[in-house]
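Chain residues, written in single-letter form:
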Amino acid sequence: MGVTVQKFYEAAQKTLSLEVVSGGEHMERTIPEQALNRPGLALAGFFQYFAHRRIQVIGLAENTYLKSLSEKDRTDRVRKMFEKHIPCVVITRNRTAYPEFIDMCTEFRVPILKTPMITSHFINGATITMERLASPRMRMQGTMLDIQGIGVLIEGEPGIGKSETALALIERGHSLVADDITVIRRDYTGVVMASAVDITRYHMEIRGLGIIHVPSIFGVASMRDEKRLDLIVRLQRPGPDWDVDRTGLAPKMRDVMDVRIPYILIPVAPGRDMANVVEVAALNQKLKHLGHDAAKELDEKLVHKLSGGGLE
Amino acid sequence: MKKVQDSSIAGERSVTGEFEILNQYGIHARPAALFVKTASKFSCEILVEKEDTIVSGKSIMGLLTLEGSKGSTLKITARGTDAEEALEALRTLMENKFYED
């Protein structure tokens, strides 16, 4: 995955108060590994297993250690570190970069950034940012909602009523994540997260009304920035040859970025309250998460009774 | 603006064309709405692609997320019985700068 220093900087500039110290023209360098590294051992001269493909963080300890070195040793070690093609250096606690760093940054074309944060806080924040940037992502055509803690993606052909269904659900107090275009990413734990595209976030397009700003109408509680994808619901006009699950005993699954997500087809018909059906689908999914499967339990009860109420 | 491909997969017509965005402000709300309005007149599936992002040509929100500015190129693919007519209508729209400026 090609996360550039520029991308990292843009994503983390505000939250991590980043500033470019030097090498602003080399921000297009890619960061091959998403973890961060404190190059203490490397600066001490031990370069075996040096994680050179990561962002190098110079904290208080590294800085103090560099101070203790003679100028010759310091130049030598810093040069050696830069020679390993590191992607970028971040100096924490707003320390001033040693002139050796500035020289090497020019020679090896590596950007140097700084932050006023203390190292541990910076590393925590930067790890989360890098994780987000590096995780694989794609876009799905569909409207994403958080219904009582269950992340539901509503799919369907254009004009089937996805946005209208979402609107009715928002009116009932559920929150919108994204209208029509949903960004999906899989994080390192294998969870699929959904969010909106920045430019259209908080907006919906409703036929006949045009574009609306959801939190202005329904309040801030009506929006959610990110939600795990738990269920995909497809609204569809019933055709002659499609089989709708009438019992709920054979739940369908869909692969989204290699993660199995429960998938429900819901027939759309005039007069059918889609919002209500989708809401109940989400709540039923929540019940399944809690270990209750109504269809299965009823069927087991039936089988038990029909087989004479005997053994099982 | 040319580079039109024709192919038919399993008897389904599929045509693709690449078009440069010519109007000054790119694909903002009004052109997006016009695009969707035109695309929705046809029954075929219409996909619009820009830099690896593909959205439905019948979705306003989708087109807005492409952030298509003047000078960038949209690759439009139409699949279905009226694919050629649809692509032609969209080409006309784009070549006429969405009737703005």
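Residues numbered from 1 in each chain as written. Chains lettered and ligands numbered in written order. Predicted model: local features only at pLDDT ≥ 70, side-chain atom pairs only at ≥ 80, totals over all residues. Heavy atoms only, no water.

In this section: the overall build of chain B. From N to C terminus, chain B includes 3 helices and 5 strands. If you list the helices and strands of chain B from N to C, you get β-β-α-β-β-α-β-α. For chain B, the proportion of its 101 residues judged to be buried stands at 50%. In chain B, 66% of the contacts between residues at least 6 apart in sequence involve partners at least 24 apart. (Helix = DSSP H or I, 4+ residues; strand = E, 2+ residues; numbered from the N terminus. Buried < 20%, exposed > 50% of the residue type's maximum accessible area, 1.4 Å probe, protein only. Contact = heavy atoms within 4.5 Å.)

Contact residues are listed per partner, giving 12 residues for chain B and 14 residues for chain A. Taking both sides of the interface into account, the surface hidden between chain B and chain A amounts to around 1100 Å²; carbon and sulfur atoms contribute 70%. On the chain B side of the interface with chain A, the three residues burying the most area are B:I60, B:M61 and B:T65, jointly 50% of the side's total. There are 0 salt bridges connecting chain B and chain A. Counting every contact that joins chain B to chain A gives 3 residue pairs in polar contact (both at pLDDT 80 or more). Of all the secondary-structure elements, those providing two or more residues to the side of chain B that touches chain A are β4 (53-56) and α2 (60-65) of chain B. (Buried area = accessible area lost by both parts, 1.4 Å probe. Salt bridge = Lys/Arg side-chain N within 4 Å of Asp/Glu carboxyl O. Polar contact = N/O pair within 3.5 Å; in protein donor to acceptor, adjacent residues only side chain to side chain.)

What follows concerns the confidence of the model for chain B. Residue and element names in this part refer to chain B. Looking at chain B, the pLDDT average stands at 88 and 88% of residues meet or exceed 70. Taken element by element, the predicted model of chain B shows its lowest mean pLDDT in strand β1 (residues 5-9) (59) and its highest in strand β5 (residues 73-79) (95). Scored as a complex, the prediction yields pTM 0.78 and ipTM 0.78. (pLDDT = per-residue confidence, 0-100.)

As far as domains go, chain A holds domain 1 (3-134) and domain 2 (137-279). Placing the centre of domain 1 of chain A and that of domain 2 of chain A at their C-alpha centroids yields a distance of 41 Å. (Domains from an automatic or database assignment.)

Moving on, we get to the packing of helix α7 (residues 162-171) of chain A against helix α9 (residues 274-289) of chain A. When two helices pack together, you describe them by how their axes are tilted relative to each other and by the distance separating the axes. Residues and elements named next belong to chain A. For the pair α7 and α9, the least separation of the axes is 8 Å and the interaxial angle reads 70 degrees. As the angle between them shows, α7 and α9 are arranged roughly perpendicular. Between α7 and α9 lies a crossing of right-handed hand. Across the interface between the two elements, T165, A168 and L169 from α7 touch M274, A275, V278 and E279 from α9. Class assignment for the residues of the contact of α7 with α9 results in 5 nonpolar, 1 polar and 1 charged. (Axes fitted to C-alpha atoms, helices over the stretch in contact; angles between N-to-C directions. Parallel < 35°, antiparallel > 145°, perpendicular 65-115°, else oblique. Left-handed = near helix turned anticlockwise from the far one by under 90°. Nonpolar A, V, L, I, M, F, W, Y, C, P; charged D, E, K, R; others polar.)

All names here are of chain B. For helix α3 (residues 83-95), built from 13 residues, the straight-helix expectation of 18 Å at 1.5 Å per residue is met to within 8% by its first-to-last C-alpha distance of 18 Å. Those residues of α3 not exposed but buried are A83, A86, L87, L90, R91, L93 and M94. For α3, the buried positions fall inside an angular range of 160 degrees around the axis, keeping them on one side. Buried positions along α3 lie against β2 (12-20), α1 (29-39), β3 (45-50) and β5. Backbone geometry just downstream of α3 places K97 in the positive-phi region, at approximately 55 degrees. (Expected span 1.5 Å × (residues − 1). Arc of directions from axis to C-beta.)

The subject of this paragraph is the sheet that holds strand β17 (residues 231-236) of chain A. Residue and element names in this part refer to chain A. Ordered in space as β11-β9-β10-β17-β19-β18, the 6 strands form an open sheet in which the pairing is mixed. Where the open sheet ends on each side, the last strands, each with one partner, are β11 (175-178) and β18 (252-256). Neighbour to neighbour, the strand axes of the sheet diverge by 35 degrees on average, direction disregarded. Summarising the sheet, strand β9 (residues 143-147) and β11 pair through 3 bridges and their orientation is antiparallel. Paired with M144 across the two strands is A178, which belongs to β11. (Pairing = 2+ DSSP bridges.)

Our next topic: the sheet that holds strand β5 (residues 55-58) of chain A. Residues and elements named next belong to chain A. Here we have 5 strands laid out as an open sheet, ordered β2-β7-β6-β5-β4, and mixed in their pairing. The open sheet terminates on both sides in strands that have one partner only, identified here as β2 (19-22) and β4 (36-37). Pairing geometry for β2 and strand β7 (residues 112-114), over 3 bridges, is antiparallel. By the bridge assignment, V20 is partnered in β7 with L113.

Another point: the pattern of salt bridges. When their charged atoms lie close together, side chains carrying opposite charge are able to pair. Summed over all chains, the structure comprises 23 salt bridges over all chains. The residue A:R54 makes a salt bridge to A:E33 at a minimum N-O spacing of 2.8 Å. Here A:E33 lies in the loop between β3 (30-31) and β4 and A:R54 lies in the loop between α2 (40-43) and β5, a separation of 21 residues in the sequence. Accessibility expressed as a relative area gives 25% for A:R54, which makes it partly exposed. We classify A:E33 as partly exposed; its relative accessible area is 28%. The residue B:R13 makes a salt bridge to B:E84 at a minimum N-O spacing of 2.4 Å. Of this pair, B:R13 sits in strand β2 while B:E84 sits in helix α3, and the two are 71 residues apart along the sequence. What makes B:E84 partly exposed here is its relative accessible area of 41%. Here the salt bridges share partners, and the residues they tie into one network are A:E131, A:R132, A:R185 and A:E226.

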